[in-house]
Every structure is written in C-alpha cells, then in structure tokens.
Amino acid sequence: MMEKVIQLLKSFHFTESETKVYISLLKNGPGTGYEISKQSSVPRSKVYNTLEILIDKGCVVVSKQQNPVNYSAVPIDEFIGNIRSSMDDNLAEVKQELTSYNQTMDLETLWYIQGYKNIFNKCRHLLKEAVSDVYVQVWKEDIDYILDELQEVETRLNQSVIILYSTTHDYDVPLSNYYKHGFEKEKLKESGGRWINIVVDSKEMLFGHIQNEKNAEVIWTQSVPMVFLAKENIRHDAYCLKLIDALGDDAKRKFGDELMEIRSIFKNKQ
C-alpha cells in the first residue's frame, strides 16, 4: 500500500522521504521532528529538511507554541488541491512558453492517434470544445470514458446525436437522448471489433477501431470529405433506428423478428 502511494506521488515530484513523512503525520497526528523520524523511518538527519520542503509545498503546517515545535499534515483534500494548483500554474507557464514555438497544423491531413487512453483523452477534448453540434457512435463498453462530457453536451447544445452500441444489449446510461443500435452481433462480425466515431461542429472528426484497451487506433482530421462521410454515417444510423422504432411490429413482420432482412441490401437478379 505504502509503495503504491510512493510511486504515485513520485509523478508529482514528491520524494520517498516526503511521502513517508506526510503519511506518518496523517496516520499518527501531529508530532515533533524526533517523533516523526521514528514513526516514518526517515532519519533525523534528513527529517527536518524534509519537513521544511513539505511546509514550502503547503502540505505540512507547524506550531511554534510548543517546545519542541510540532508539525501536522494538512487535510487530504487540501493536499490534493495544492498539488492541482501547482500543476495548473506549471501547465499555464508551459503553455505560455510553448506558444512561441507553435506552428499551424495541416488539419486536412489524416492524423493517427494510438493507444486507448490517448484516444479518449482526445475524445474528451473534442466534446468539451464543441460549440454547435455533436454526432457520436460509441459502445457501452467505452462510454464511461466520455460520459461526463456527453452529459454536458446534452445540457449545453441543442444538436447532439448519440448512437449507443452494446455487446450485451445493455443500454442503461444516464443520458436523455440516444439511439439504441440493436444490431451489434452482425456489426462485430463485419468489423472485427468496436469503434468510436465523433464529429464535432461539422468540421472535425475522429474515427477508428478499438480491439481492446491495448490495441486501439483512430484517425483525427478536419478534412471536409472525411468529416462529411463520418457525419452522414451517424445521421443515417439515426434515420434507420428512428424508422425501425416507429414501425414496431410492422418492421418485424416485414423483416423478421431479428430484422435480419433489413440488412439484405443486394437485389436478386431476375
């Protein structure tokens, strides 16, 4: 448990000694430098310098009313808030510095994004930046990664279309307006895996396949023909699903209980 916290906080520039001291204070409450050294296993020769660093980081406070002085950890929420504030400040400075190097990207090019996490980071960014309309095809297995952004889009924009797929036909999501696809079995046979398709403001799109969390790649572009094709694909999905829902039992009588005949699009030669 301790090792995991140490590794996590290293990514936020906390040394092993700093983490041990902060956790010791959380666990044992306020104490003197001698007590903290003993409880945290950080040597006395190092503990006072470590405490000073944590004070500078806003993670520890000190009381000088006692002799010897006592130290205490700030509450966890405040600790996390201080890290977040420091990161925001650093990122703002990084952005300012990088802006001077920024060159215009050729957005007509098809740019490839690899990695499950990277793909959904990009999806979240696209949805947050949307100002007029959003079109989405997404699988239930992946929707949690963009659910907050989709909820916000429903609240903020008047034009949003979401097609939801599910390998188990579980379409229970906290969204108001979405279409349940229902033909996932055949689609999986055709494509060999899930996919994500997002069009934002009718000018930017992201599309690609997701085999699993270790094997995923998409393209991202503002190419006008590609955006048009991606958007029309989602729109026609919505058209068909709306018609099928409206027809109800009539659709089943015409195309079979599983509506398989609706997918037979090639006319037989006479």
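Heads up: the structure comes first, above all this text.
Residues numbered from 1 in each chain as written. Predicted model: local features only at pLDDT ≥ 70, side-chain atom pairs only at ≥ 80, totals over all residues. Heavy atoms only, no water.

This part covers the nonpolar core. The nonpolar side chains of a soluble globular protein tend to be buried with one another. With 30 residues, the main nonpolar core has Ile119, Ile146 and Ile196 as its most contacted residues. Of all the elements in the fold, those that place two or more residues in this core are helix H6 (116-129), strand E4 (133-139), helix H7 (147-156), strand E5 (159-165), strand E7 (194-200), strand E8 (204-212) and strand E9 (215-221). With near-sequence residues (within four places) excluded, Ile196 lies in contact with Ile119, Phe120, Cys123, Gln137, Val138, Ile146, Leu206, Phe207, Gly208, Ile210 and Val218. Core analysis: the next-biggest nonpolar cluster, separate from the first, contains 17 residues, Phe14, Tyr22, Leu54 and Cys59 among them. (Core = buried A, V, L, I, M, F, W, Y, C linked by side-chain atoms within 4.5 Å. Buried < 20%, exposed > 50% of the residue type's maximum accessible area, 1.4 Å probe, protein only. Helix = DSSP H or I, 4+ residues; strand = E, 2+ residues; numbered from the N terminus. Contact = heavy atoms within 4.5 Å.)

Moving on: the packing of aromatic side chains. This model, assessed by the stated rule, comprises eight aromatic pairs. A centroid spacing of 5.5 Å and a plane angle of 55° characterise the contact between Phe14 and Phe79, whose relative ring orientation is tilted. In this pair, Phe14 is assigned in the loop between helix H1 (2-10) and helix H2 (16-28) and Phe79 in helix H5 (residues 76-99), connecting sequence segments 65 residues apart. Relative accessible area serves as the criterion here: at 6%, Phe14 is assigned to the buried category. Given the relative accessible area of 5%, Phe79 is considered buried. Ring centres of Tyr116 and Phe120 lie 4.9 Å apart, and the angle between their planes is 50°; on these two criteria the pair is classed as tilted. Of the two residues, Tyr116 and Phe120 are both situated in helix H6; the distance of four residues between them amounts to about one turn of the helix. Relative accessible area serves as the criterion here: at 6%, Tyr116 is assigned to the buried category. (Phe/Tyr/Trp six-rings, centres within 6.5 Å; stacked < 30°, edge-to-face > 60°.)

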